[in-house]
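Summary of structural features
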Amino acid sequence: MSALKDQLRADLTTSMKARDTERSGTLRMLMTAIGNAEVAGKDRVELDDEQVLAVLTTEAKKRREAAVAFDEGGRSEMAAKERSELEVIVTYLPEQLTSEEIADIVTKAVEQTGAAGEGMKAMGKVMGVVSPQVKGRADGGAVAAEVRRQLA
């Protein structure tokens, strides 16, 4: 059983008892997303902490993108709702890397793979080294952008 899933379930109970409707609604949504991931595919599986973390990362990304879309559409109240849900989700994610830390990791990966002179052809090689190091701690788009910047 996933310790993170147990923590989410315990926090849901606590927020329901405290009548914190915003937090409990977000936690219910997260538990539903985890449940859907467990029954996806042919067999039901019990997600481990890493898989639960992947679900939470996906949900956080959805909230970020939705908030931006609502802002662009002039729906600031909906954008605020998405951001408040994101705040709850972020509390369960590991500490996010800063852009400087991402740049350092990418620089080391470029040196390690010898991709400095190869240009964009080496992006897959560099991403293969960088991805496991930043998994769950940085947005994939930001990492890819930094790799492109350093290889260009």
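Use the structure listed above.
The following paragraphs examine the structure supplied in this document.

About the criteria used
- Residues numbered from 1 in each chain as written.
- Predicted model: local features only at pLDDT ≥ 70, side-chain atom pairs only at ≥ 80, totals over all residues.
- Heavy atoms only, no water.
- Salt bridge = Lys/Arg side-chain N within 4 Å of Asp/Glu carboxyl O.
- Helix = DSSP H or I, 4+ residues; strand = E, 2+ residues; numbered from the N terminus.
- Buried < 20%, exposed > 50% of the residue type's maximum accessible area, 1.4 Å probe, protein only.
- Axes fitted to C-alpha atoms, helices over the stretch in contact; angles between N-to-C directions.
- Parallel < 35°, antiparallel > 145°, perpendicular 65-115°, else oblique.
- Left-handed = near helix turned anticlockwise from the far one by under 90°.
- Contact = heavy atoms within 4.5 Å.
- Nonpolar A, V, L, I, M, F, W, Y, C, P; charged D, E, K, R; others polar.
- 1 Å grid on protein atoms, 1.4 Å probe; cavity = no way out; pocket = protein on both sides within 12 Å on 5 of 7 lines; lining within 4 Å.
- Points joined across faces, edges and corners; volume = space filled by probe spheres on them.
- Core = buried A, V, L, I, M, F, W, Y, C linked by side-chain atoms within 4.5 Å.

Observations regarding the pattern of salt bridges
- By the definition in use, this model includes 14 salt bridges.
- One salt bridge in this structure joins Lys 62 and Glu 59, with 3.2 Å as the shortest N-O distance. With Lys 62 and Glu 59 both in helix H3 (residues 49-72) and three residues apart, the pair spans about one turn of that helix.
- Notably, a salt bridge pairs Arg 63 with Glu 59, separated by 3.3 Å at the nearest N-O pair. Taken as a pair, Arg 63 and Glu 59 lie in helix H3 at a separation of four residues, close to a single helical turn. Considered together, Arg 63 and Glu 59 belong to a single accessibility category, that of buried residues.
- The network of salt bridges with shared partners includes Glu 59, Lys 62, Arg 63, Lys 81, Glu 82 and Glu 85.

With respect to the packing of helix H1 (residues 3-17) against helix H2 (residues 21-39)
- Running from amino to carboxyl end, H1 crosses H2 at an angle of 150 degrees, the nearest separation of the two axes being 9 Å. When the axis of H1 is compared with that of H2, the two are roughly antiparallel. As for how H1 packs across H2, the hand of that crossing is left-handed. Contacts between H1 and H2 involve Lys 5, Leu 8, Arg 9, Asp 11, Leu 12, Ser 15 and Met 16 from the former and Arg 23, Ser 24, Leu 27, Arg 28, Leu 30, Met 31, Ile 34 and Glu 38 from the latter.
- Grouping the amino acids of the contact of H1 with H2 by side-chain chemistry returns seven nonpolar, two polar and six charged.

Here's the deal with the layout of surface pockets
- Of the voids in this model, the largest pocket is the one considered here, and its volume is about 260 Å³.
- Contributing to the lining of the largest pocket are 16 residues, with Leu 53, Thr 57, Thr 58, Gly 136 and Ala 138 lying nearest its centre.
- Of all the elements, H3 adds the most residues to the lining of the largest pocket, at eight residues.
- A per-class count over the lining of the largest pocket returns five nonpolar, five polar and six charged.

Quick notes on the nonpolar core
- By size, the foremost hydrophobic cluster in this structure holds 19 residues, and its most contacted members are Leu 8, Leu 27, Ile 34, Val 52, Leu 56 and Tyr 92.
- Non-local contacts of Leu 8, meaning those with residues more than four positions away in its chain, are made with Leu 27, Leu 30, Met 31, Ile 34, Val 52, Leu 56 and Tyr 92.
- One finds Met 123, Val 126, Val 130 and Val 143 within the second-largest nonpolar core, a separate group that totals 18 residues.

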